[in-house]
Amino acid sequence: MIILSVKTCSGLDDLNLLSSVCCYWSARVFIATMPGLLLGDVFPNFEAETTNGKIKFHDFLGDSWGILFSHPCDYTPVCTTELGRAAKLSDEFSRRNVKMIALSIDSLEDHRGWTKDILAYNNEESGCAFPFPIIADHQRELAVALGMLDPDEKDKDGMPLTARCVFVIGQDKKLKLSLLYPATTGRNFDEILRVVDSLQLTAKNRVATPADWQPGERVMVPPNIPEEEAAAMFPAGVYTKELPSERKYLRYTPQP
Ligand code: BEZ
């Protein structure tokens with residue numbers, strides 16, 4: 001049983017979701033009535049069973065950033081490559097003070113067996129510890145509450161599978177980013193690391209990162225900073241690109 005404690009953005013009281021939501025149609029009704037999680041909302045402080053024991057999400061995060069990512073099903077090919085890649089990058093996430101946690105709608109027993117396959121896919125010993133926990137959401141309660149189900153992908157019993165969802169949560173427990181991929185498209189975990197670098201940089205500095213930015217490259221001065229203020233704010237210099245419109249909005253500065 002997963003217990004959700006949700007603080008909605010409209011400030012309503014905590015909502016305890018204690019019911020078992022295990023059939024497709026009740027899942028669909030629930031998705032339709034559950035308010036969507038918006039950027040800036042406090043992430044639900046759910047309780048769940050994981051491969052590392054029972055957790056309460058905010059306690060699990062502690063003072064760290066968090067990444068929660070779902071995948072459709074254990075013992076499937078794309079998911080195996082994704083969790084393998086995520087495991088290989090786990091030191092990089094730790095270096096950025098980001099705690100990782102995966103979710104799928106299978107049992108703990110399945111997760112434990114499957115992690116051995118993932119380690120073998122990575123050419124690692126099957127006795128090695130898996131670097132992050134996997135939530136066992138076999139009744140789909142969390143998947144439903146967080147809007148992770150993909151109605152177009154179904155298991156052999158016709159039940160919807162989880163999509164490939166990514167949530168990045170900040171140290172303030174608020175949602176900083178969400179991504180939703182269909183089951184048939186595996187994610188790029190190097191891109192997710194790059195996004196974390198941008199989120200952490202822009203949380204500390206009033207800058208924005210351009211398309212395809214990589215750490216160390218120049219960044220952009222946001223449009224809501226007036227010209228005089230920008231000069232004082234970025235002593236390393238502000239370069240403004242000349243444009244046909246003569247509007248001075250394309251402003252770069254070295255990464256702070
Ligand atoms: C996979 O992980 O390979 C997968 C899972 C569900 C649908 C399609 C692919």
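Residues numbered from 1 in each chain as written. Predicted model: local features only at pLDDT ≥ 70, side-chain atom pairs only at ≥ 80, totals over all residues. Heavy atoms only, no water.

Looking at the sheet that holds strand β13 (residues 239–240)
Overall, antiparallel pairing links the three strands, which are arranged β12-β14-β13 in an open sheet. Each edge of the open sheet is held by one strand with a lone partner, namely β12 (219–220) and β13. Bridging between β12 and strand β14 (residues 251–253) involves two bridges; their strand directions are antiparallel. Its bridge partner being in β14, Val-219 is matched across the sheet by Thr-253. (Pairing = 2+ DSSP bridges. Helix = DSSP H or I, 4+ residues; strand = E, 2+ residues; numbered from the N terminus.)

Points about the layout of surface pockets
Quantified by volume, the second largest pocket comes out at close to 150 Å³. In this structure, the second largest pocket is lined by Thr-51, Asn-52, Arg-112, Thr-115, Lys-116, Leu-119, Ser-126, Cys-128, Ala-129, Phe-130, Phe-132 and Ile-134. Here the lining of the second largest pocket takes four residues from helix α5 (residues 108–121), the largest share from any one element. Partitioned by chemical class, the residues of the lining of the second largest pocket number six nonpolar, four polar and two charged. (1 Å grid on protein atoms, 1.4 Å probe; cavity = no way out; pocket = protein on both sides within 12 Å on 5 of 7 lines; lining within 4 Å. Points joined across faces, edges and corners; volume = space filled by probe spheres on them. Nonpolar A, V, L, I, M, F, W, Y, C, P; charged D, E, K, R; others polar.)

So, the packing of aromatic side chains
We describe a pair of aromatic rings using the distance from one ring centre to the other and the angle between the two ring planes. Going through the model one piece at a time under the given rule, you end up with eight aromatic pairs. Clustering of aromatic rings is evident, with ring pairs tying together Phe-43, Phe-46, Phe-57, Phe-60 and Phe-167. Taking NZ or CZ as reference, Lys-99 lies 5.3 Å from the ring centre of Phe-60, over its face. The ring of Tyr-252 carries Arg-218 above its face, with NZ or CZ at 3.5 Å from the centroid. (Phe/Tyr/Trp six-rings, centres within 6.5 Å; stacked < 30°, edge-to-face > 60°. Lys NZ or Arg CZ within 6 Å of the ring centre and 35° of its normal.)

Considerations on the site of the ligand
Taken together, Pro-72, Thr-76, Pro-77, Val-78, Cys-79, Glu-153, Arg-164 and Ala-183 form the complete shell of residues around the ligand. Interatomic distance of 3.0 Å between a side-chain N/O atom of Thr-76 and an oxygen atom of the ligand. A distance of 2.7 Å is found between an oxygen atom of the ligand and a backbone nitrogen or oxygen belonging to Val-78. Notes on the ligand: free accessible area 260 Å², of which the protein chains cover 83%. (Near = heavy atom within 4 Å. Polar contact = N/O pair within 3.5 Å; in protein donor to acceptor, adjacent residues only side chain to side chain. Areas by Shrake-Rupley, 256 points an atom, 1.4 Å probe, with all protein chains shown as cover.)

A few points about helix α7 (residues 189–204)
Counted at 1.5 Å a residue, the expected span for α7 with its 16 residues is 22 Å, and the 23 Å between its end C-alpha atoms agrees. Burial in α7 covers these residues: Phe-189, Ile-192, Leu-193, Arg-194, Val-195, Val-196, Asp-197, Ser-198, Leu-199, Gln-200 and Leu-201. Residue Asn-188 occupies the N-cap position of α7, its side-chain oxygen lying 2.9 Å from the main-chain nitrogen of Asp-190. (Expected span 1.5 Å × (residues − 1). Buried < 20%, exposed > 50% of the residue type's maximum accessible area, 1.4 Å probe, protein only.)

Considerations on the UniProt feature "active site" (unreviewed entry) in the chain
The UniProt entry lists Cys-79 under the feature "active site" (unreviewed entry), expressed in the numbering used here. Locating Cys-79 in the fold gives a position in helix α3 (residues 77–88). Residue classification places Cys-79 among the buried residues on the basis of a relative accessible area of 0%. Excluding residues within four positions of it along the chain, Cys-79 makes contact with His-71, Pro-72, Cys-73, Trp-114 and Arg-164. (UniProt positions renumbered as here; feature names shortened; annotations may be inferred. Contact = heavy atoms within 4.5 Å.)

Examining the nonpolar core
Membership of the largest hydrophobic core comes to 27 residues, with the highest contact counts inside it found for Ile-67, Phe-69, Leu-83, Phe-93, Met-100, Phe-130 and Phe-132. Looking at this core, the elements with two or more residues in it are β5 (65–70), α3, β6 (98–104), α5, β10 (164–169) and α7. Once residues lying within four places of it in the same chain are set aside, the contact partners of Met-100 are Phe-60, Ile-67, Phe-69, Ala-86, Ser-90, Phe-93, Phe-132 and Pro-133. Core analysis: the second largest hydrophobic core is formed by 23 residues, Phe-43, Leu-146, Phe-167 and Ile-169 among them. (Core = buried A, V, L, I, M, F, W, Y, C linked by side-chain atoms within 4.5 Å.)

Topic: the packing of α3 against α5
Here α3 crosses α5 at 70°, and the two axes come no closer than 9 Å. Overall, the two elements α3 and α5 adopt an arrangement that is roughly perpendicular. For the pair formed by α3 and α5, the contact residues are Cys-79, Thr-80, Thr-81, Leu-83 and Gly-84 on the first element and Trp-114, Ile-118 and Tyr-121 on the second. (Axes fitted to C-alpha atoms, helices over the stretch in contact; angles between N-to-C directions. Parallel < 35°, antiparallel > 145°, perpendicular 65-115°, else oblique.)

Some details on the environment of Thr-240
Inspection of the secondary structure assignment puts Thr-240 in strand β13. A relative accessible area of 28% means that Thr-240 is categorised as partly exposed. Beyond its immediate chain neighbours, meaning those up to four positions away, Thr-240 contacts Lys-248, Leu-250 and Arg-251.

So, unusual backbone geometry
Phi angles above zero are rare outside glycine, and Asn-97 is one such case at about 60°. For Asn-97, the position within the fold is in the loop between α4 (90–95) and β6. Given a relative accessible area of 34%, Asn-97 falls into the partly exposed group. With phi around 65°, Arg-140 is a residue other than glycine that occupies positive phi space. Take Arg-140: it is sitting in the loop between β7 (134–136) and α6 (141–145).

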